[in-house]
Amino acid sequence: MTRRFLQELVNILLDYICKSNQRSSKVLDFHHPHQLKEGLEGFSLDLFDQPETLEQILVDCRDTLKYGVSTGHPRFFNQLSSGLDVIGVAGEWLTSAANTNMFTYEVSPVFILMEEVLLKKMQSIVGWSDDEGDGIFCPGGTISNLYSILVARYHFYPEVKTRGMRALPQLALFTSEHSHYSVKKSVAVLGMGSENVVMVKCDERAWSVTWNPHKMMGIPLQCSAILVKKRGLLQECNESGAEYLFQTDKPYDVSYDTGDKSIQCGRHVDVFKLWLMWKAKGSEGFGSQVNKCLENAEYLYDQLQRRTDFELVFKNKPEHSNVCFWYIPPSLRSLSPGADRDTKLHQVAPLIKGRMMKKGSVLIGYQPLAAKVNFFRCVFSNPATQQEDIDFLLEEIARLGNDL
C-alpha cells in the first residue's frame with residue numbers, strides 16, 4: 001500500500017513537472033480566497049475527525065498543485081524564486097525522506113559536513129581567505145539579514161546578550177537607501193526600533209554577506225545563508241549550551257555540533273539540494289545559468305526601447321536581471337507628463353495584473369517606487385525562459401491593456 005501510494009504520488013508530481021514546462025499550460029488557475037475556502041469540484045480545505053482514504057489524499061495532492069501557481073513555468077516573471085530544476089527537486093525529496101535536524105553531527109553527519117563544504121566554497125567566492133569566514137544556512141534572506149545585525153550588535157556590545165538593550169546607549173543603524181525592507185524588520189525584532197534606521201547613499205562594503213541560492217541559482221525554496229567574516233562570532237553571539245544537545249564529552253569532534261551558532265533549535269536541511277545541484281552543474285553551469293538570465297533582461301530592455309506603447313522606468317541598460325517599465329495604453333499616449341497622467345497611469349498596472357491573473361497565461365509583478373507610479377517589474381531567474389516568452393509577455397500586456 002505504501003509503495004503503491006508513493007508511486008501514484010510520483011506520477012502526479014512528474015505530470016506536474018512536465019506540464020510546468022509546456023507553454024500551452026496556464027501559469028495559474030486563479031480563484032478568489034472565498035472560492036477556495038468554499039471548496040471546488042471536490043477539493044476541500046476542511047479538516048475532519050475521521051481519516052480520509054488514500055485515494056482522496058491523492059486527489060487532494062493533485063488539486064493542490066492544480067489551484068496553485070506554477071512558478072517553474074517559463075512565463076512566470078513574478079519573483080526571483082522561479083524555475084524548476086529536477087536535480088533540486090530530487091534533493092528536496094531526499095531531504096524530506098531523511099527527515100533529520102541540522103543541530104548536531106550525531107543526527108546529521110553527512111549534511112553537517114556538506115554545509116561546511118558549501119560555506120567554505122561560498123566564502124572563497126566572496127573573496128575571503130581560508131583562515132577567516134563562518135556562516136550558517138537560514139530560513140530565507142530576511143533571517144540571514146537579521147543575523148547580520150544581531151552579530152554586528154553583539155560584536156560592538158557583547159553585554160547585550162545577558163543584560164539586554166537597557167544596558168546599551170541609543171543605537172542607530174545606517175543602511176543603503178536601496179537595502180531590502182527586511183533590514184527595518186530586523187531592527188524592530190531586535191528591539192532597536194525601526195525609527196533608528198538611517199537610509200544613506202553608499203557603496204556596500206560589509207563583513208557579512210547574505211546569499212540566497214533559491215534566487216538566481218535556482219535552488220528550490222528555501223535556501224539562504226549568512227556568511228560572516230569573523231570566525232566564531234556566530235557561536236559566541238548565539239550559543240546557550242543546552243546540555244541535552246551540546247554535551248562536550250561526545251565520542252567525536254564536537255566542533256561539528258553547529259546548532260548553537262543558530263538562534264533556532266530545529267533547523268531544516270537546506271544544504272543538500274544546493275550541494276547536489278552544484279555537483280550536477282559545477283560552478284561553470286551556475287555561471288551559464290545566471291548569464292542566460294542577464295541576456296534575457298538585456299533582450300527585454302532592447303525590445304522595450306523599440307516600442308512606442310511602453311516606457312522604461314530607468315533609461316540605462318539593466319545592471320542585473322530586473323527590468324522595470326510602464327505600459328502606456330492608447331488613451332494616455334497623447335497626454336503630457338504631469339499629475340493627471342500619473343494618476344491614470346498608476347491604475348494601469350494593477351488593472352492589467354488583475355486581468356492577467358484571471359486569464360492565467362503569464363504572471364509579472366508591479367510596484368511604485370518613491371515618486372514613480374506603479375510600473376511592471378520583470379525579474380529573470382528561470383533559465384527555461386526564452387526570447388519567445390519575453391515577446392509573449394509584451395504582447396499579452398498590450399492585449400490586456402489596450403482598452404484602458
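Scroll up a little and you will see the structure.
What counts and how
- Residues numbered from 1 in each chain as written.
- Predicted model: local features only at pLDDT ≥ 70, side-chain atom pairs only at ≥ 80, totals over all residues.
- Heavy atoms only, no water.
- Helix = DSSP H or I, 4+ residues; strand = E, 2+ residues; numbered from the N terminus.
- Expected span 1.5 Å × (residues − 1).
- Buried < 20%, exposed > 50% of the residue type's maximum accessible area, 1.4 Å probe, protein only.
- Patch = residues over 30% accessible without salt bridge, like charges linked within 9 Å, V, L, I, M, F, W, Y side chains within 5 Å.
- Areas by Shrake-Rupley, 256 points an atom, 1.4 Å probe, with all protein chains shown as cover.
- Salt bridge = Lys/Arg side-chain N within 4 Å of Asp/Glu carboxyl O.
- Pairing = 2+ DSSP bridges.
- Contact = heavy atoms within 4.5 Å.
- Axes fitted to C-alpha atoms, helices over the stretch in contact; angles between N-to-C directions.
- Core = buried A, V, L, I, M, F, W, Y, C linked by side-chain atoms within 4.5 Å.
- Parallel < 35°, antiparallel > 145°, perpendicular 65-115°, else oblique.
- Phe/Tyr/Trp six-rings, centres within 6.5 Å; stacked < 30°, edge-to-face > 60°.
- Lys NZ or Arg CZ within 6 Å of the ring centre and 35° of its normal.

Talk me through helix α6 (residues 141–156); I want residue IDs and the actual numbers.
Its 16 residues give α6 an end-to-end C-alpha distance of 23 Å, which sits within 8% of 22 Å, the value for a rise of 1.5 Å per residue. Listing the buried residues of α6 in full gives Gly141, Ser144, Asn145, Leu146, Tyr147, Ser148, Ile149, Leu150, Val151, Arg153 and Tyr154.

Which residues make up a nonpolar patch on the surface, and what values do they have?
A cluster of nonpolar residues, Met1, Leu54 and Ile57, forms a patch on the protein surface that exposes about 270 Å² of accessible area. For leucine 54, the location among the structural elements is in helix α3 (residues 54–66). Under the relative-accessibility criterion, leucine 54 is labelled partly exposed at 36%.

Describe in detail the sheet that holds strand β9 (residues 363–369), supporting the description with residues and values.
The strand order across the open sheet formed by five strands is β1-β9-β10-β8-β7, and the pairing between neighbours is mixed. What marks the edges here is a single partner per strand, and that holds for β1 (76–77) and β7 (310–312). In terms of strand pairing, strand β8 (residues 322–327) meets strand β10 (residues 372–379) through four bridges, oriented antiparallel. Bridge pairing in β10 links valine 323 to cysteine 378. Packing against the sheet, helix α10 (residues 271–306) makes contact with β7, β8 and β10, and its axis sits at approximately 25° to β8. Here helix α13 (residues 387–401) sits on the sheet and contacts β1, β7, β8, β9 and β10; the angle it forms with β8, its principal contact strand, is near 25°.

How would you summarise the sheet that holds strand β5 (residues 208–211) if you had to cite specific residues and measurements?
On the basis of which strands lie adjacent, the open sheet formed by three strands has the order β2-β6-β5 and antiparallel pairing. Edge positions in the open sheet fall to β2 (134–138) and β5, since each of these has one partner strand only. The mean angle between the axes of side-by-side strands here comes to 15°, regardless of whether they run parallel or antiparallel. Bridge count between β2 and strand β6 (residues 224–228): five bridges; the pairing is antiparallel. Its bridge partner being in β6, phenylalanine 137 is matched across the sheet by alanine 225. In this fold helix α5 (residues 109–126) packs onto β2, β5 and β6, with an angle of close to 115° to the strand it touches most, β2.

With reference to specific residues and values, describe the nonpolar core.
Judged by nonpolar contacts, the single largest core of 38 residues is most densely connected at Leu300, Phe325, Phe380 and Ile397. Elements that contribute at least two residues to this core include exactly α10, β7, β8, α12 (348–359), β10 and α13. When residues no more than four places from it in sequence are discounted, the contact partners of isoleucine 397 are Phe310, Phe325, Tyr327, Ile352, Met356 and Phe376.

Give a detailed account of the packing of α12 against α13, specifying residues and quantitative values.
For any two helices packed against each other, the geometry is given by the interaxial angle and the distance between the axes. Relative orientation of the contacting elements α12 and α13 amounts to 110°, with a least axis distance of 9 Å. The angle between α12 and α13 falls in the class roughly perpendicular. Seen from α12, the contacting residues are Ile352, Arg355, Met356 and Lys359; seen from α13, they are Glu396, Ile397, Leu400 and Gly401.

Outline the packing of aromatic side chains, supporting the account with residue identities and numerical values.
The tally for this structure, following the rule as stated, stands at eleven aromatic pairs. Between phenylalanine 310 and phenylalanine 325, the aromatic rings sit 5.7 Å apart at their centres with planes inclined by 70°, giving edge-to-face as the arrangement. One end of the pair, phenylalanine 310, is in strand β7; the other, phenylalanine 325, is in strand β8, with 15 residues separating them in the sequence. Across this residue pair, the class does not change: phenylalanine 310 and phenylalanine 325 are buried. Among the aromatic residues, those joined into a ring-pair cluster are Phe310, Phe325, Tyr327 and Phe376. Sitting over the face of the ring of phenylalanine 392, arginine 75 holds its NZ or CZ atom 4.0 Å from the ring centroid.

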